[in-house]
Amino acid sequence: MVTYKIDSTTEYINNIDDWKPSKAVLHYVKGMGLEFLHQENDRGLKFPIHRSFQLLNELLWFYNKEDKVFFFNDIKLSYGLQDVFYLTGLPINGKRVSGEVFDAREQFERIFGYKPLKGDAIMDVNGNINLSALKKLYRNIGNDSVELTEEVRQHICAYMLYHLHCFVVPELDGKASTRYLPLLSDVTNIHQYAWGAASLANLHAELACIQEKQFKAHGNPKKPDELQFRSQLYPLLLFFFEHIPKLLTVVAINKPEWSLPMKFPLMAEWSHIMLKSFLKHGWYGMPYQRLENNFIPSDYRELGKFAATRTILHFFEKCSYHRPDLAPKQFGIINVDETKLKDMIEIHTCSRKGPRVKNFLDYTANNCNYPAMGLVWEERMHSDLRHQSPMEAENEEDEDQGTAQSTDNVDRVWNDSMELENEQDNPVESELGNEQGLNGIRMPERSCQSLVGAENADQDDDDDYDGNLILDNPESTIWYFI
């Protein structure tokens, strides 16, 4: 039997406490969630943050690298864009985190004005930037002004490179790749890239890689048993705590005075506010239904519309499908009519090895299909989102088409919107009545419509239907379309 032995991670999330965003960073880098992670008065992240490798090693058994979901018997859990957005605040829509890869020293020179020489502490022999040296050089340069001078721009670029590699896409151990620098050169547009989608693409690639490496290492003394997790880890563990609260006993968290996090992004409050009490049942399908209508700040609200899309995630050479359609119950959807979804395409990627200059936006050599995969993302990014109002839902004559009526608490939303075979399958069973939901928290009223097919969307011509199904209450913060 293969035993997973991950004992470390390149996610140095505690290091972001050593270099907090300056006024210049917060002024120019909007929409990245930075302002929430470093708030005072117990609203920001509480350091140090601890992660359980024991729990991660056990959960890896349930990951299916083909479908990019976790299988727990007959239950499928999809760690997707909605989870990344709600937990971290990172943008999940926008430009692909991809592009042309140049010589490392040339890219560094374009941003910071000088080309590192061989042996320079700022860059290793492979062209990766030393994060400690980067922080030492640029933390106190250009940090006390919001006027966009060259020094301020370099300071912001250095900070974002540090933040991205400590937490968002921590691919390398204490190092940063220069391939991000072209995306950071215009500091006012950094938030226009889908960094949340990139972190998710990197995570799925790492989960698949870990499985392959561990199976190769099993029983082979020439292969190392212990592995390093090279991706975002803390939000992934929080995702499991949200959906399987009893897992908190694994990390010895059992303080009844704590209550569920309710502020955006959830990971900030999760770092110091834990569960008030454990659920009676070990599985909770729709934990985010507890959140208030104003959970997502107005500046971030538009991103929530793109949370449950079947699309292709991009992170330079790494691409993978995002498959919320495989776990529709997480979104209150009874079933998904596959005939109304666009056909999936095959994914053909390559490694970073080979020519020094590669543009992964349009790379087609060696049977790669990056342009076609990019088109899937672009169509999703520019989709014409449709919604159905609560009033329209109440007027639907055929309730069998997937419409669940408005509910007063999350338990009824779950029960009414699922087709469960018997009473034993019901994962959530409230004993609090209709006035209260999980842990005594009153749940906001929501309309939970399950649109199964184009006939439930507001459209005149099926030929013009863009293949996106939507589950939404326009008065709510939660938008879904698959």
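The structure reproduced in this document is the subject of the present report. Per-chain numbering applies: the sequence of each chain, read as written, is numbered from 1 onward. Local features in a predicted model are, by the rule used here, given only for residues with pLDDT of at least 70; side-chain atom pairs are given and counted only at 80 or more, and totals for whole chains, interfaces and linings are based on all residues. Heavy atoms throughout the structure, all of them, feed into the side-chain values; hydrogens and water do not.

**Remarks on the overall build of the protein**
Link 1 in the chain: The number of helices and strands found in the protein is 14 helices and 13 strands.
Link 2 in the chain: Categorising residues by exposure relies on relative accessible area from a 1.4 Å probe, with only protein chains included: less than 20% of the type maximum marks a residue as buried, more than 50% marks it as exposed, and the intermediate range marks it as partly exposed. With 482 residues in all, the protein has 57% of them scored as buried.
Link 3 in the chain: Here, two residues are considered to be in contact whenever any of their heavy atoms come within 4.5 Å of each other. Put simply, 75% of the contacts in the protein that link residues at least 6 apart link residues at least 24 apart.
Link 4 in the chain: A total of about 21100 Å² of accessible surface is found on the protein, and carbon and sulfur atoms cover 46% of it. Secondary structure elements are taken from DSSP: a helix is a run of H or I of four residues or more, a strand is a run of E of two residues or more, and numbering for both begins at the N terminus. For accessible areas, the Shrake-Rupley method is used with a probe of radius 1.4 Å. Any residue's cover is judged against the shown protein chains and nothing else.

**Looking at the packing of aromatic side chains**
Link 1 in the chain: Any Phe, Tyr or Trp ring, taking Trp's six-membered ring, that has another such ring centre within 6.5 Å forms a pair; planes under 30 degrees apart are called stacked, those over 60 apart edge-to-face, and the others tilted. This structure, assessed with the given rule, holds 29 aromatic pairs.
Link 2 in the chain: Seen in terms of ring centroids, Tyr180 and Trp195 are 6.3 Å apart; in terms of plane orientation they differ by 45 degrees. Their pairing is tilted. Pair noted here: Tyr180 is in the loop between strand E7 (175-176) and helix H8 (181-184) and Trp195 is in helix H9 (residues 195-217), with a separation of 15 residues, a long-range link. An identical accessibility class is assigned to Tyr180 and Trp195; each is buried.
Link 3 in the chain: Joined through ring pairs, the aromatic side chains of Phe36, Phe85, Tyr86, Phe264, Tyr288, Phe295 and Tyr300 make up one cluster.
Link 4 in the chain: Any Lys NZ or Arg CZ that is within 6 Å of a ring centre and within 35 degrees of that ring's normal is treated as a charge sitting over the ring. Over the ring of Phe315 we find Arg179; its NZ or CZ atom is 5.1 Å from the centre of that ring.

**Section: the nonpolar core**
Link 1 in the chain: The nonpolar core is taken to be a set of buried Ala, Val, Leu, Ile, Met, Phe, Trp, Tyr and Cys residues, with the residues joined through side-chain atoms within 4.5 Å. Residues Leu134, Ile156, Leu184, Trp195 and Phe240 are the most contacted members of the largest nonpolar core, which totals 114 residues.
Link 2 in the chain: Per-element tally for this core: the top contributor is helix H7 (residues 150-168), with 12 residues.
Link 3 in the chain: Excluding anything up to four places from it in sequence, Leu134 contacts Trp19, Phe112, Ile122, Ile129, Arg139, Ala158, Leu161 and Tyr162.
Link 4 in the chain: Membership of the second largest hydrophobic core comes to five residues, among which are Ala308, Ile333, Val336 and Leu341.

**A short note on the pairing of strand E9 (residues 311-315)**
Link 1 in the chain: The element E9 is extensively covered by neighbouring structure, given that five of its five residues are classed as buried.
Link 2 in the chain: Alignment of E9 against strand E10 (residues 318-322), held across five bridges, turns out to be antiparallel. The residue of E10 that forms the bridge with Thr311 is His322.
Link 3 in the chain: Strand pairing follows a simple DSSP-based rule, namely that at least 2 bridges must link the two strands. The turn linking E9 back onto E10 is made up of two residues, and Phe316 within it adopts a positive phi angle of 50 degrees.

**What to know about the layout of surface pockets**
Link 1 in the chain: In this structure, the largest pocket occupies an estimated 1300 Å³ of space.
Link 2 in the chain: Cavity and pocket criteria rest on a 1 Å grid covering protein atoms alone: a 1.4 Å probe that fits but cannot get out defines a cavity, protein on both sides within 12 Å along at least 5 of 7 lines defines an open pocket, and an atom within 4 Å of a point defines a lining residue. In this structure, the largest pocket is lined by 42 residues; those nearest its centre are Arg179, Glu317, Ser351, Arg352 and Lys353.
Link 3 in the chain: At the level of elements, helix H5 (104-112), H9 and E10 are the ones that each hand at least two residues to the lining of the largest pocket.
Link 4 in the chain: Residue type decides the class: Asp, Glu, Lys and Arg count as charged, Ala, Val, Leu, Ile, Met, Phe, Trp, Tyr, Cys and Pro as nonpolar, and the leftover types, Gly among them, as polar. In terms of residue class, the lining of the largest pocket is made up of 14 nonpolar, 11 polar and 17 charged. Grid points are joined across faces, edges and corners, and a volume is the space filled by probe spheres set on the points.

**A closer look at the packing of helix H6 (residues 131-138) against H7**
Link 1 in the chain: The interhelical angle for the contact between H6 and H7, taken along N-to-C directions, is 150 degrees, at an axis separation of 10 Å. Viewed along their axes, H6 and H7 adopt a mutual orientation that is roughly antiparallel. Crossing of H6 over H7 shows left-handed handedness. Residue-level contacts link Leu131, Leu134, Lys135 and Tyr138 of H6 to Gln154, His155, Ala158, Leu161, Tyr162, His165 and Cys166 of H7. Angles here are taken between N-to-C directions and fall from 0 to 180 degrees, while the axes themselves are lines fitted to C-alpha atoms, restricted in helices to the stretch in contact. Note on terminology: angles under 35 degrees are roughly parallel, angles over 145 are roughly antiparallel, angles of 65 to 115 are roughly perpendicular, and the others are oblique. Helix crossings are classified by the rotation of the near helix relative to the far one: an anticlockwise turn of less than a right angle makes the crossing left-handed, while a clockwise turn makes it right-handed.

**Points about unusual backbone geometry**
Link 1 in the chain: A cis geometry characterises the amide bond from Phe47 onward to Pro48, with omega recorded as 0 degrees.
Link 2 in the chain: Tracing the sequence through the fold places Pro48 in the loop between helix H2 (34-37) and helix H3 (53-59).
Link 3 in the chain: In this structure, the amide linkage connecting Phe264 to the following residue, Pro265, adopts the cis form with an omega of -15 degrees.
Link 4 in the chain: By secondary structure assignment, the location of Pro265 is in the loop between helix H10 (234-243) and helix H11 (266-270).
Link 5 in the chain: With phi around 50 degrees, Phe316 is a residue other than glycine that occupies positive phi space.
Link 6 in the chain: Looking at where Phe316 falls in the secondary structure, it is placed in the loop between E9 and E10.
Link 7 in the chain: Even without being a glycine, Asn366 presents a positive backbone phi close to 55 degrees.

**Things to note about the side chain of Gln228**
Link 1 in the chain: Tracing the chain through its elements places Gln228 in strand E8 (residues 227-229).
Link 2 in the chain: On the basis of relative accessible area, Gln228 is assigned to the buried category, the value being 18%.
Link 3 in the chain: Within the local environment of Gln228, its side chain forms a polar contact with the side chain of Arg230, the two groups lying 3.1 Å apart. Here a polar contact means two N or O atoms within 3.5 Å. Within protein one must be a hydrogen donor candidate and the other an acceptor candidate, and residues neighboring in sequence count only if both atoms are side-chain atoms.

**Comments concerning helix H4 (residues 81-88)**
Link 1 in the chain: A large share of H4 lies buried, amounting to eight of its eight residues.
Link 2 in the chain: Taken together, the buried positions of H4 are occupied by Leu81, Gln82, Asp83, Val84, Phe85, Tyr86, Leu87 and Thr88.
Link 3 in the chain: Looking one or two residues past H4, Gly89 carries a phi angle of roughly 80 degrees, positive in sign.

**A look at helix H12 (residues 370-381)**
Link 1 in the chain: One less than the number of residues in a helix, times 1.5 Å, gives the span that helix is expected to have. Taking 1.5 Å as the rise per residue, H12 with 12 residues should run 16 Å; its terminal C-alpha atoms sit 16 Å apart, in good agreement.
Link 2 in the chain: Burial in H12 covers these residues: Tyr370, Met373, Gly374, Val376, Trp377, Arg380 and Met381. Axial view of H12: buried residues confined to an arc of 150 degrees, hence all on one face. The arc in question is formed by the directions pointing from the helix axis toward the C-beta atoms.

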